[in-house]
Amino acid sequence: MDKPVITKGIDHFFIDVYNIFRFISRFFRQLFHPPFEFREFMRQCYFVGNKSLSLITLTGFITGLVFTKQSRPSLAEFGATSWLPSLISIAIIRALAPLVTSLICAGKVGSGIGAELASMRVTEQIDAMEVSAINPFKYLVVTRIMATTVCVPLLMAYTGLVGMAGAYLDIHLNEQTSLATFTQNAVTNISFLDLASSLLKATMYGFTIGVVSCYQGYNATQGTQGVGKAANVSVVISMFLIFIEEVVIVQLINAIR
């Protein structure tokens, strides 16, 4: 007798969770064992940065500019436009920079990794690497997960700087605030906990993007149709998990704060 559809769905869900945990544990086991594919790791870091930098620059600048424009009328009602630099810096560093960066990377980088590995899987290139005595998991998966984990925090810092530049431009044009005054007001209310939480978020988001996209691509099936599916699912699941992690990390940071 066939199982009900709901029961099959639950079974598949727990099987997928188990396989993902095996995938992550395999990553950590092989991470610290030679050979270390440093050249491939650096190539993947360049890929992550090159794929995302132009879009992150534009998005970060516009985010800071637009958020400043939208915040000004509310503060102007209370005669508190001088608080704009502090407000913008808190919003960008605590939330906007890590979230915007990770979502862009999930769309640009995650889909690329998922499609690339899926294409290698369905064309049996990964199987050929195994026959050639090359560890494909070490070469293809470990390097990519490490690249996203390392590069997303760096891109997040860049997004914060670009966003603050956009905010300063708008504030300078409207209030004629000098760069020194803007910088002093912006960093006044930023604590070490804010910086640490942003770094933690970006690192977790980068790791999530790497794991999800590599898992979907490395285990792709269904021929060429699986390539598109792996790219699409990598983006959707990465973004879904990023939002969940955002909620959890914010609750933890607020409890510490």
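These numbers were taken from a predicted model, which means no experiment stands behind them. (Residues numbered from 1 in each chain as written. Predicted model: local features only at pLDDT ≥ 70, side-chain atom pairs only at ≥ 80, totals over all residues. Heavy atoms only, no water.)

A. Representation of the overall build of the chain within the structure. Scanning the chain for helices and strands turns up 8 helices and 0 strands. Listing the helices and strands of the chain from first to last along the sequence gives α-α-α-α-α-α-α-α. Residue pairs at least 24 apart in sequence account for 85% of intrachain contacts in the chain once pairs closer than 6 positions are excluded. When the accessible surface of the chain is split by element, carbon and sulfur atoms take 68% of a total near 13,900 Å². Side-chain charges in the chain split into 18 positive and 15 negative, and the spacing between the mean points of these groups amounts to 3 Å. (Helix = DSSP H or I, 4+ residues; strand = E, 2+ residues; numbered from the N terminus. Contact = heavy atoms within 4.5 Å. Areas by Shrake-Rupley, 256 points an atom, 1.4 Å probe, with all protein chains shown as cover. Lys, Arg positive; Asp, Glu negative; His and termini not counted. Charge placed at Lys NZ, Arg CZ, Asp CG, Glu CD.)

B. Examining the environment of Ala180 more closely. On the secondary structure map, Ala180 appears in helix H6 (residues 179-188). With relative accessibility at 57%, the residue Ala180 sits in the exposed group. For the pair Ala180 and Gln44, spaced 136 residues apart in sequence, the C-alpha separation works out to 38 Å. (Buried < 20%, exposed > 50% of the residue type's maximum accessible area, 1.4 Å probe, protein only.)

C. Representation of the nonpolar core within the structure. If you look at the biggest cluster of nonpolar residues, it comprises 48 residues, and the most contacted ones within it are Phe23, Phe27, Cys105, Phe137, Val141, Ile145 and Cys214. Listed by contribution, the elements that provide at least two residues to this core are helix H1 (5-31), helix H2 (38-76), helix H3 (84-122), helix H4 (125-131), helix H5 (136-175), H6 and helix H7 (192-218). It is H5 that provides the largest number of residues to this core, a total of 14 residues. In contact with Cys105, not counting residues within four places along its chain, are Ser52, Ile56, Gly110, Val152, Leu155 and Ile209. (Core = buried A, V, L, I, M, F, W, Y, C linked by side-chain atoms within 4.5 Å.)

D. View of the confidence of the model for the chain. Summing up the model confidence of the chain, the mean pLDDT is 87 and the portion of residues at 70 or higher is 96%. Here H1 stands out as the element of the chain with the lowest mean pLDDT, 79, in contrast to H7, whose mean of 92 is the highest. (pLDDT = per-residue confidence, 0-100.)

E. Local environment of the packing of aromatic side chains. Evaluated as defined, the whole model comprises 9 aromatic pairs. Measuring from ring centre to ring centre gives 5.0 Å for Phe27 and Phe28, while their planes differ by 70°; the resulting arrangement is edge-to-face. Residue classification places Phe27 among the buried positions, given a relative accessible area of 2%. The exposure class assigned to Phe28 is partly exposed, which follows from its relative accessible area of 42%. When the ring of Phe27 is compared with that of Phe207, the centres are 5.9 Å apart and the planes differ by 55°; the resulting orientation is tilted. With a gap of 180 residues between them, Phe27 in helix H1 and Phe207 in helix H7 connect regions that are remote in the sequence. Of the two residues examined, Phe27 and Phe207, each falls in the buried class. Clustering of aromatic rings is evident, with ring pairs tying together Phe23, Phe137, Tyr215 and Tyr218. (Phe/Tyr/Trp six-rings, centres within 6.5 Å; stacked < 30°, edge-to-face > 60°.)

F. Main features of the environment of Cys214. As for its placement among the helices and strands, Cys214 is situated in helix H7. A relative accessible area of 0% places Cys214 in the buried class. It is 8.9 Å that separates the C-alpha atoms of Cys214 and Val142, two residues lying 72 residues apart in sequence. With sequence-adjacent residues up to four places away left out, Cys214 is seen in contact with Phe23, Ile113, Leu117, Val141, Arg144 and Ile145.

G. Up close: H3. Taking 1.5 Å per residue as the helical rise, H3 with its 39 residues ought to reach 57 Å, and the 53 Å between its terminal C-alpha atoms agrees with that figure. At Ile92, H3 shows its maximal bend, which comes to roughly 50°. Immediately downstream of H3, the backbone of Glu124 shows phi near 65°, a positive value. (Expected span 1.5 Å × (residues − 1). Bend = angle between axes of the 7 residues up to and from the residue.)

H. Summary view of the side chain of Lys201. Relative to the helices and strands, Lys201 is located in helix H7. If we skip the residues at most four places from it in the chain, Lys201 touches Arg94, Ala95, Pro98, Glu246, Ile249 and Val250.

I. Structural view of the side chain of Glu246. Mapped onto the elements of the fold, Glu246 is located in helix H8 (residues 223-256). With a relative accessible area of 12%, Glu246 lands in the buried category. Among the polar contacts made by the side chain of Glu246, one reaches the side chain of Tyr205 at a distance of 2.3 Å. If near-sequence neighbours (up to four positions away) are discounted, Glu246 is found in contact with Ala95, Leu99, Lys201 and Tyr205. (Polar contact = N/O pair within 3.5 Å; in protein donor to acceptor, adjacent residues only side chain to side chain.)

J. Representation of unusual backbone geometry within the structure. Of note, Glu124 is a non-glycine position whose phi angle comes to about 65°, a positive value. With respect to the helices and strands, Glu124 occurs in the loop between H3 and H4. On the basis of relative accessible area, Glu124 is assigned to the exposed category, the value being 54%. Notably, Gln176 is not glycine yet its phi reads approximately 55°, a positive angle.

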